[in-house]
Amino acid sequence: MKYTRLTKEQFEELQEEFTRFLATQSITADEWQKLKADKPEVAEAELDVFSDLVWEGALSAAKYLENSSPDQVFCIAIEDDQMRMIHARIPSGAADLTTAEGRQWLIENIQEDAVQLQTGNKALGANRNQQIFGLIQQGANIAGKELFEALDEIIN
């Protein structure tokens, strides 16, 4: 398995897609139930293959990641050959960067001396999706472009 198996909740959300996946494997609903009962190792392997397919699609489509706590946020833009990172840290208690209000506070107060900013770039290799997955395992989430672009515009 290349990534991690989807959770039960994720499988439930993707039930229609999983059913189609099984159909491409020529596995009917009845055959799936029998497979789970009689050959659980084969059923487990099918769950793993489906999980990897879902992860591969999500990671390939990912353009932005965020990892935030109340007093800091890492925003990452994923480009063709590199990741660009903006890290903002604010004084503890000034705002909560995990909320929309806290992010707005950051944008409005970014020029303040108490707000610390760092930027950096990292080359993406042939294992792009593995690098992104590693960041997700460390707490990042696939995100929209809004916060990264707002911070990037202010910095540049």
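To keep things clear, this report deals only with the structure shown in the data block.

What counts, and at which threshold
- For every chain, the first residue of the written sequence is number 1, and numbering continues from 1 along that sequence.
- Predicted model: local features are reported for residues with pLDDT of at least 70 only, side-chain atom pairs are reported and counted for 80 or more only, and whole-chain, interface and lining totals are derived from all residues.
- Water and hydrogen atoms were dropped before computing side-chain values, which therefore reflect all heavy atoms in the structure.
- One bridge is not enough; two strands pair if DSSP finds at least two bridges between them.
- The helix and strand labels rest on DSSP assignments: H or I over at least four residues marks a helix, E over at least two residues marks a strand, and numbering proceeds from the N terminus.
- For every element, the axis is a line fit to its C-alpha atoms; helices are fit only across the contacting stretch, and the angle between N-to-C directions ranges from 0 to 180 degrees.
- Throughout, the term roughly parallel applies to angles under 35 degrees, roughly antiparallel to angles over 145, roughly perpendicular to angles from 65 to 115, and oblique to all others.
- Note on contacts: a residue pair is in contact if any heavy atoms of the two residues lie within 4.5 Å.
- What a helix should span is 1.5 Å times the count of its residues minus one.
- Note on classification: 1.4 Å probe, protein chains only; a residue is buried when its accessible area is under 20% of the maximum for its type, exposed when over 50%, partly exposed between these limits.

## Section: the sheet that holds strand β4 (residues 116-123)
Line of reasoning, step 1. With antiparallel pairing, five strands are arranged side by side in an open sheet as β4-β3-β2-β1-β5. Of all strands in the sheet, those bounded by a partner on one side alone are β4 and β5 (141-142).
Line of reasoning, step 2. As paired strands, strand β3 (residues 82-89) and β4 are joined by eight bridges and run antiparallel to one another. Bridge pairing in β4 links Arg 84 to Asn 121.

## A short note on the packing of helix α5 (residues 100-109) against helix α7 (residues 146-155)
Line of reasoning, step 1. Interaxial distance between α5 and α7 falls to 10 Å at its minimum, and their mutual angle equals 10°. Between α5 and α7, the interaxial angle falls into the category roughly parallel. For the pair formed by α5 and α7, the contact residues are Arg 103, Leu 106 and Ile 107 on the first element and Leu 147, Ala 150, Leu 151 and Ile 154 on the second.

## Concerning helix α4 (residues 40-61)
Line of reasoning, step 1. Its 22 residues give α4 an end-to-end C-alpha distance of 32 Å, which sits within 8% of 32 Å, the value for a rise of 1.5 Å per residue.
Line of reasoning, step 2. Looking at α4, one finds that the buried residues are Ala 43, Glu 46, Leu 47, Phe 50, Ser 51, Asp 52, Trp 55 and Leu 59.
Line of reasoning, step 3. Tucked inside the fold, the buried residues of α4 contact α1 (8-13), α2 (15-24), α3 (29-38) and α6 (128-137).

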